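Chain by chain, the residues run as shown.
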Amino acid sequence: MTSLVRRLGLSLPLAALSLLPAALVAHAEEPWVSAPAGPLAREIAPVYWILFFFAVIVLAIIDGGLIFAAIRFRERPGHVAKQFHGHNMLELTWTVIPTAMVIFFSVISFQRLQFINDTRTGAQMTIQAEGRQWSWIYSYPQEERFKLKDGKYLQGAEEIHVPAGTKVRIELSATDVIHDFFVPQIGGKKDAVPGRKTELWIQADKPGVYKGQCAEFCGDGHADMLIVLYAHDEAGYSEWLRQALEVANLINDPATIRGKEVFEANACVGCHTIRGTKAAGRVGPELTKVASQPNIAGVSSLSPVNVENLKKWIANPQAHKPGTAMPLVPLSEADLDAVAKFLAVLK
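The text that follows walks through the structure, step by step, so that each part is easy to find. (Residues numbered from 1 in each chain as written. Predicted model: local features only at pLDDT ≥ 70, side-chain atom pairs only at ≥ 80, totals over all residues. Heavy atoms only, no water.)

1. Here's the deal with the sheet that holds strand β5 (residues 168-174)
Quick note on the threshold: At least two DSSP bridges between two strands are required for those strands to pair. Runs of E in the DSSP output that reach at least two residues are strands. Runs of H or I that reach at least four are helices, and both are numbered from the N terminus. To get an axis, fit a line to the C-alpha atoms, keeping to the stretch in contact for a helix; angles then go from 0 to 180 degrees between the N-to-C directions.
Read from one edge to the other, the open sheet built from 5 strands follows the order β3-β2-β1-β5-β8, with strand pairing classed as mixed. Of all the strands in the sheet, the pair left with one neighbour each is β3 (155-157) and β8 (198-202). The mean inter-strand angle of the sheet, taken between neighbouring strand axes irrespective of direction, is 25°. Of the pairings in the sheet, the one linking strand β1 (residues 125-132) to β5 comprises 7 bridges and is parallel in character. The residue bridging Q128 from the neighbouring strand is E171, located in β5.

2. Observations regarding the environment of L346
Note the threshold: Throughout, a residue-residue contact means that at least one pair of heavy atoms, one from each residue, lies within 4.5 Å.
Among the structural elements, L346 can be located in the segment after α11 (333-344). In this structure the C-alpha to C-alpha distance between L346 and I251, which are 95 residues apart in sequence, comes to 7.4 Å. Once you skip the residues sitting within four places of it in the chain, L346 turns out to touch I251, I274, L287, T288, K289, V290, A291 and S292.

3. Focus: the pairing of strand β6 (residues 179-182)
Both faces of the sheet carry side chains from a regular strand, because those side chains alternate between them. Both β6 and strand β7 (residues 189-192) contribute to a ladder of 4 bridges, which runs antiparallel. Bridge assignment links H179 to a residue of β7, and that residue is A192.

4. Some remarks on the packing of aromatic side chains
Ring pairs (aromatic) are described by centroid distance and by the angle formed between their planes. Operational definition: For this analysis, a ring pair means two rings from Phe, Tyr or Trp (six-membered ring only for Trp) whose centres lie within 6.5 Å, classed as stacked if their planes differ by under 30 degrees, edge-to-face if by over 60, and tilted for the remaining angles. Think of it in three bands: with a 1.4 Å probe and only protein chains considered, a residue is buried below 20% of the maximum accessible area for its type, exposed above 50%, and partly exposed in between.
The full count for this structure, using the stated rule, is 13 aromatic pairs. On the numbers, 6.4 Å between centres and 5° between planes, the contact of Y48 with F52 is stacked. Of the two residues, Y48 and F52 are both situated in helix α4 (residues 39-72); the distance of 4 residues between them amounts to about one turn of the helix. According to the relative accessible area criterion, Y48 is partly exposed, its value standing at 26%. Note on F53 and F54: the rings are 5.7 Å apart at their centroids and 85° apart in plane angle, and the pair reads as edge-to-face. Residue F54 is classed as partly exposed on the basis of its relative accessible area of 27%. Counting every residue linked through ring pairs, the aromatic cluster contains F53, F54, F104 and F105.

5. What to know about the pairing of β1
Pairing of β1 with strand β2 (residues 135-139), which is carried by 5 bridges, proceeds in the antiparallel orientation. Counted as the bridge partner of Q128 is S139 from β2.

6. Considerations on the state of the cysteines
Threshold: Note on disulfides: each one is a pair of cysteine sulfur atoms within 2.5 Å.
Here the structure, examined in full by the defined rule, presents 0 disulfides. Here C214 is not cross-linked by a disulfide; its sulfur's nearest cysteine counterpart is in C218, at 3.9 Å. With a relative accessible area of 3%, C214 lands in the buried category. Judged by relative accessible area, which is 4%, C218 ranks as buried.

7. Quick look at the environment of R42
The condition is simple: Polar contacts here mean pairs of N or O atoms no more than 3.5 Å apart (in protein, one a potential hydrogen donor and the other a potential acceptor; neighbouring residues in sequence count only if both atoms are side-chain atoms).
Position of R42 relative to the elements: it lies in helix α4. Taking C-alpha positions, R42 is 8.5 Å from I186, a pair spaced 144 residues apart along the chain. Excluding residues that lie within four positions of it along the chain, R42 makes contacts with P36, A37 and D205. A distance of 2.3 Å separates a polar atom in the side chain of R42 from a polar atom in the side chain of D205.

8. What about the environment of G38?
Position of G38 relative to the elements: it lies in the loop between α3 (31-34) and α4. Given the relative accessible area of 0%, G38 is considered buried. Placed 164 residues apart in sequence, G38 and I202 show a C-alpha to C-alpha distance of 7.5 Å. Sequence-distant contacts of G38, defined by excluding residues within four places in its chain, comprise Q185, I186, Q203 and D205.

9. Observations concerning the nonpolar core
Note the following rule: In plain words, nonpolar cores are sets of buried Ala, Val, Leu, Ile, Met, Phe, Trp, Tyr and Cys residues tied together by side-chain atoms within 4.5 Å.
The biggest cluster of nonpolar side chains holds 36 residues, and the ones touching the most others in it are I127, W136, Y138, Y140, L154 and I170. Among the secondary structure elements, those contributing two or more residues to this core are β1, β2, β4 (159-163), β5, β8, β10 (226-232) and α6 (234-251). Considering each element in turn, this core owes the most residues, 6 residues, to α6. Those residues in contact with L154, other than ones at most four positions away along the chain, are Y138, S139, Y140, F146, L148, W240, L241, A244, L245 and A248. Of all hydrophobic cores here, the second largest spans 24 residues; its members include F263, I274, V305 and L343.

Now the structure itself:
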């Protein structure tokens, strides 16, 4: 019986270790560690796997020891329980080995910190990212190519667009609570703190769409505070910029700016998203190209999407679509007209 218990106690840690390859395969289905898409992620991934490997070994040893002790020293007929006090070699082992592991982990981590924290060397663009409950506002560089007709510079919400293969410095801030910018497959993770500036850098190896999320709990809508990063090749970035400037200039046109201001000052901004503005709600449909739709809210009688039909819908949505979640927003006639004219240019 004793030999059986001993074999069981020794086999359990080995069995746990045998699961490591399967665990690695299963975990490799997670995107960033198996397919890092930028130099930051590639620098961090090896450290992750080293820590994971040692963590599994420690788990197997500790759990294996607990199980062995529970079986070997269990209460049973003919066995008298005894107290053990001190074991110099064991205590030395579990002090020296963990200390050596912590030192090793610190060394391989600190070796990468200078590379990770160097946000300025080689950076070809700086984008400001402002976190707020519960969205990100991106302000692009004050360069001529990002300049709007009114003299301001391009801003965007929800999506951040960068050239592939280019090191981009991200300057972070927050207006309310602490947020955290994190796109795992690209790498880099940094808090956005109210009242101060922090920064990180990102670089995507190739064009694609990379998803992330605010990684700091920031309130009820935390789970919806997503980050969508678009990396473009040179031609694709030029085309995106052309379209973004076109939309932004329409939104900021003097003929529609009053409607934009009213829209952003009312409940509309909490329910709908309009790219290039502060509107980043997810309750209602996106309105970035609402004027290109065949009708309003699927109501055939409100077709086409023009100023007149928009005013009808905003003034009394329940009359046109009973049961709709769109609330009645109290607006003056002048404000209603301004909002309708603003939405009518969003194509």
